[in-house]
Structures are given as C-alpha cells and as structure tokens.
Amino acid sequence: MAAKIIDGKAFAATVREKVTGHVTRLKEENGITPGLAVVLVGEDPASQVYVRSKGKQTVEVGMNSYEHKMDVDTSQEDLLAIIDKLNNDPAVHGILVQLPLPGHLNEDLIINSISPAKDVDGFHISNVGLLGTGQKSMVPCTPLGCLMMLRDHHGSLSGLDAVVVGRSNIVGKPMAQLLLGDSCTVTIAHSRTKDLPDVVRRADIVVAAVGRPEMVPGDWIKEGATVIDVGINRIDAPEKGEGKTRLVGDVHYESAAAVAGAITPVPGGVGPMTIACLLANTVTACCRANGLAEPEGLTA
Amino acid sequence: MRAAVIDGKAIAADLRAEVNFEAQDLASQGWQPMLISVSVGDAAASEIYVRNQQRQANTAGVEFEARNYPAETSLEQLIGILQGLNADPRVNGVIIQRPLPDHIPVKVLQKAVHPLKDVEGMHPASIGNIVYNDLALGPCTAVAAVEILKTLPLQMQGLNVTVIGHSEIVGKPIAFLLMSLGATVTVCHHMTRSVAMHSRAADAVFVAVGKPGLVTGDMLKPGAALIDIGINRVETPDGPRTVGDADFDSCAEVAGWITPVPGGVGPVTVATLMKNAVLATRLQMDHYRDAYARTDV
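**With respect to unusual backbone geometry**
At step 1: Following A:Val266, the chain continues into A:Pro267 via a peptide bond in cis, with omega recorded as -5°.
At step 2: Looking at the element boundaries, A:Pro267 is found in the loop between strand 11 (262–263) and helix 10 (271–289).
At step 3: The amide bond that connects B:Arg98 to the next residue, B:Pro99, takes the cis arrangement and shows omega of 5°.
At step 4: Looking at the secondary structure, you find B:Pro99 in the loop between strand 4 (93–96) and helix 4 (106–112).
At step 5: Unlike most non-glycine residues, A:Glu214 shows phi in positive territory, near 50°.
At step 6: Relative to the assigned elements, A:Glu214 resides in the loop between strand 7 (205–208) and strand 8 (226–229).

**Section: the interface of chain B and chain A**
Reports often express the size of an interface as the amount of accessible area lost when the parts come together.
At step 1: At the interface, 26 residues of chain B touch 25 residues of chain A.
At step 2: For the side of chain B that touches chain A, the secondary structure elements donating two or more residues are helix 5 (124–131), helix 7 (171–180) and strand 6 (184–188) of chain B.
At step 3: No other element matches helix 5 of chain B, which puts seven residues into the side of chain B that touches chain A.
At step 4: Classifying every residue of the side of chain B that touches chain A gives ten nonpolar, twelve polar and four charged.
At step 5: Where strand 6 (residues 185–189) of chain A and strand 6 of chain B come together, three bridges link them in antiparallel fashion. Following the sheet pairing, A:Ile188 is matched in strand 6 of chain B by B:Val185.

**Describing the sheet that holds strand 7 of chain A**
At step 1: What the twelve strands build is an open sheet, ordered 1(A)-11(A)-8(A)-7(A)-5(A)-6(A)-6(B)-5(B)-7(B)-8(B)-11(B)-1(B); its pairing is mixed. Looking at which strands have only one partner, the edges of the open sheet turn out to be strand 1 (4–5) of chain A together with strand 1 (4–5) of chain B.
At step 2: Bridging between strand 8 (residues 225–228) of chain B and strand 11 (residues 257–258) of chain B involves two bridges; their strand directions are parallel. Counterpart to B:Ala225 in the pairing with strand 11 of chain B is B:Trp257.
At step 3: Contacts from helix 6 (residues 140–150) of chain B reach strand 7 (204–207) and strand 8 of chain B within the one sheet, and its direction differs from that of strand 8 of chain B by about 155°.
At step 4: Along the sheet, helix 7 of chain B contacts strand 6 of chain A together with strand 5 (160–164), strand 6 and strand 7 of chain B; its crossing angle with strand 6 of chain B, the most-contacted strand, is approximately 170°.

**Some remarks on helix 10 of chain A**
At step 1: Its 19 residues place the ends of helix 10 of chain A 28 Å apart at the C-alpha level, agreeing with the 27 Å of an ideal helix rising 1.5 Å per residue.
At step 2: Positive phi appears at A:Gly291, one or two residues downstream of helix 10 of chain A, with a value of about 65°.

**Observations concerning the domain arrangement of chain A**
At step 1: Domain boundaries in chain A define domain 1 (30–118) and domain 2 (141–272).
At step 2: For domain 1 of chain A versus domain 2 of chain A, the distance between C-alpha centres works out to 29 Å.

**A short note on the pairing of strand 3 (residues 63–69) of chain B**
Residue and element names in this part refer to chain B.
At step 1: Across seven bridges, strand 2 (residues 34–40) lies against strand 3 in parallel orientation. Its bridge partner being in strand 3, Ser37 is matched across the sheet by Ala66.
At step 2: The handedness of the strand 2 to strand 3 crossover, carried by helix 2 (residues 47–60), is right-handed.

Cut-offs applied
Here the residue numbering is sequential within each chain, running from 1 through the sequence in written order. Labels follow written order: the first chain is A, the first ligand is 1, and so on. At least 70 in pLDDT is required for a residue's local features to be given in this predicted model, at least 80 for side-chain atom pairs to be given and counted, and no such filter applies to totals for whole chains, interfaces and linings, which use all residues. Under the DSSP-based scheme used, a helix requires at least four consecutive residues in state H or I and a strand at least two consecutive residues in state E, with every element numbered from the N terminus. Residues are treated as contacting if the C-beta atoms built from their backbones sit within 7 Å of each other. Here the term charged refers only to Asp, Glu, Lys and Arg, the term nonpolar to Ala, Val, Leu, Ile, Met, Phe, Trp, Tyr, Cys and Pro, and the term polar to all other amino acids, Gly among them. Should DSSP find at least two bridges between two strands, the strands are regarded as paired. Every axis in this analysis is a line fitted to C-alpha atoms, fitted for helices over the stretch in contact. Angles between the N-to-C directions lie between 0 and 180 degrees. To estimate how far a helix should extend, the number of its residues minus one is multiplied by 1.5 Å. All domain edges in this entry derive from an automatic or database-based domain assignment. Note on handedness: a crossover is taken as right-handed if, strands pointing away from the viewer, the path from the first strand over the helix to the second is clockwise.

Right under this line is the structure:
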C-alpha cells in the first residue's frame, strides 16, 4: 500500500487563502488591517532569505508588513527600545524577532520583552505556560502547522496514540501539548528513550522532530500510521554529481511511505506550513487585540 | 504483599528539615521567608488546609499569616490586594486558598501573583519555565509526586513512565518535570483507548484522576513504582474513608513501591509548598541584589 502524500505546499496555500479571507473581512467590516513587524539584527544570509519571504507573503495576504533591519552590533538597549515601540504600536499586531541573534544579545530576555499578545512565534515564557495550562495563547508556528495537517487528514484525533520524537522547546514540547489538547494519548520520546523502535511502532501518529537525517526507518512505523516529518537535513548527494546535496527529513521516506497511511514529504511537507501559520497567528493576535471572535480554522 | 509502602510523612519531615536550614540561612541575611494565605468568603471551607499549612510552616521556619476577605470583595479589589502583596518586600509568597466565590475566576488571581512570589507554581510563567526545563517554582502536588519518585533507587534517564490524568496542575506538569529528568513519558486520560496497555509498559505509574479503584494490580508491570495522587472520600460499611485512585490491595501485590492514601503524596505536597517558599525568597533576594544592591568598589 502506498501512503497518501500530504502536500504541505497545497495545504499552506489553503491556509493563506483562509488568512486572506479573514484579512479582507477585518478590513471591510472593522476597518482594521493586521500588521506584522519583523526585526532582523545582522546580515545572516539565511535569516535575510526568511525575512524577505515572510515580508512578501505578509503583503500577499493583504496585511501590513513592517521590517526593522538593524546593525549586527546593535546594543541590547537599542533592540529593547525598538521592541518596546512595537509593543505600544496599535498598528502592529504581531512581532517576530528573527533568530538566531548575534552572540552579544540575550535571546531569552529579548523574546520575553515582546508583549505575549503580539508574540506570534509563541516563544514567550507566558505563552508557553498558557499553552501548558490549556489557556488561550500564541502557539509556535511549526507545531500549529502539523496540528492543522493532522486535523485535516483525520478529522478527529481523539483517542489516537501519538508519539512525538524529540523534545525541543520549539517543536516537540508544544506539539505534545497540542496533541493532548486534541485528546490524543501522547508519548514524548527522545535520545534517552529505551526501545525507541517499539515505542514508535505503537503510534497511530508519529511526529519526528529530532534533526537527524533519515533516523526513523519504515520498519518502525505501524501499518497505516500517519507520519509527520518536521526534520529538514541537508545531506551529500553524490548521485546528483560531485559536491551536490539534497534535503531529507528525519524519516526515511521511501521505506516509511511503503507502510504509512499518510506521510509528509521533505521538502514540501511541514516546511511551507510554518510561514502560513505565522500569518494565521498574526490574524489571531489582531482579532484578540480588537476583542473580535477567534478566526475560524486558524487556531489550535 | 510485595510492594514497599512509601512513607510520605517521613519524606515530608526530611524536606521540612532541609527547608528549615535554608530558612535560617535566609533569615540571617535579613530575608526571613514569609507566606501569606489569602482566602475569600467562608473561611471554614479552607480551614483544614490553612491550619495544616500554618503548622508545617512553623516546623519549617517559615512565617505564615492567614488573611480572610469578605465574600463580596470584588475581583478588582482582590487584584489590588495581590498587587500590594507583590510590592511588599516582607512577603515572599502568596497562597490563594480555594474554593473562591463564584464571581472570582481563580486563573485571573493566579496570574496576578508575581511569578517570583508564586509559591503554588500556578502562574503561566511558572508553568512555562517548567516546560523549558527551568525547574524553580513548580505546582506543589506535581513537584511532590516527582520528588517521591526521585527517592527510589531508579535511574530517571530512559525510565518509562505513564501518567494517567492530564490536568493542567498535576498530570501535565508531572509529565514535563519527568521529561526534563530524561524519562520517556506517556500521558493517558479519559479518551485513551487502553490505559492498561500503557501502564503495563511503565516502570513508574502516576495516577491523578479522582476515581477510586481506577488502577488495579493487573494494570501494572511487576516491580513498578505506583504514585497515587488521588484523594477520594468513599463510604464503606465501616464508615467514610479516604482512598486514592488505585486499588491499594491488588496494586500492592504487583508493584515494587506504592504510595498510600492518606500518608503518601499529601504530606509531601505541603512540605513542597514550604520548599517553594524558601526558593522564592532566595530568588527575590538575588533579584533584589541584582537590581538595586550591586555596587562597584
């Protein structure tokens, strides 16, 4: 049996469509345009690509995009002052500080200086705690995207056995919380887990987020299980020519696709969902800031 | 019977002695730990808990003051009272007693306590810190249950643990505390298809559901540790009795260690509150010194 391939690109497009619909409605009915501010410190090439892509997609769905590019040697005080200004700017509903920051800046302190209501990355300690206590919060984009894809594929997740491999703060832990929120029985496995293959084999849903290329082979997957591969790893691809590389996930795609019921490819699976969810979070933050109902289909 | 019965009272006494030592050290630096208990409305409803906390505070070297406010106190007034306590340097921790009158949402009050004075570990920032592996101030019951497990000769790294119950103040924080200790944790709840399948695979089982007799001996792996957090009043032919969520007799036949109810997690929970009081006091002392008392010489 060949697995259904969950097309993240197509699904992200439907999320952006929903976002566009909500943005249009907010403009027409409430006279509000959601705004996302992105702060980039330094000139890291990868970060520049991300920031450009985020800005472009923000404008495409009809929102305002504010970019703040700052010198690599920007002081902590100056960065905090910019964040304070954005926190108090009613036109800005979401604030994202592009990580990683240069070494002289205290990342935790900077992230926790963002107003939790505008923290569209969901990394502020209060948002982590609100999610942990089942309260309204800003949810990190990648796990939110995974949840949306799982809901779309399964309908209800209630009662399913889910295994999250990896316990990172930005994916594994919030993913586990979200799956518990949807009434899955959740196991969080990690590098210290004994008999990892057996643990994974029990699962109806496997979310792999460890950052190790093709670590999960097909014979760890229960027949018919849904596999969400969050990993993005670049490996050598001599078959494509000398010095060539290719992207693979944390799951060995071919062998897993032969047993799974559904699987996300890498690239083109979880990746495209992340920015779409950032846009979704900005709309959510905008609705909450204005005392409006939660935007349907965009929240946990 | 094969299981060793875990003596929660003895663990609590050890913990209080440790806290007392810490409290004296803090007091000698001008930071005598002090807790304020806030109850609203009918004081009788929480009286047993308050009295017990008062007694344990005395033996742990922590000052304790119980305040009761009338039932008609508004939410705004209560938040103002908490802000006053937040600003008062003599107060190191605030306990919000339950039940509260219907017009007072408990989560709003918990959020109004400053995270550095959150000795109950209920503020979203406290829970967030636990999720992020900073284990300073955690919810008392969850921390107590995990502390009990840590007294057993078990290697936490790679330990398979099943937590039954995913409440925000007990089940979930237990899962995150254990995960940061390196355990592999499975969280089960009322929608779980087969709790027994998961509990039988576990080296340690935590149960916090509020259903007497939920866990029976045949659901355990022989030799496993069973930490029972439930407290249920049941009627028996011999009169009312307090029991946990586990069927003690059948579980004790199979488990390696088991906590009794009462006398297991309960006493350790109150001792953990005192432990949080000295932790909070130390955090405040450090914070104060960083913010105001750093001098260049």
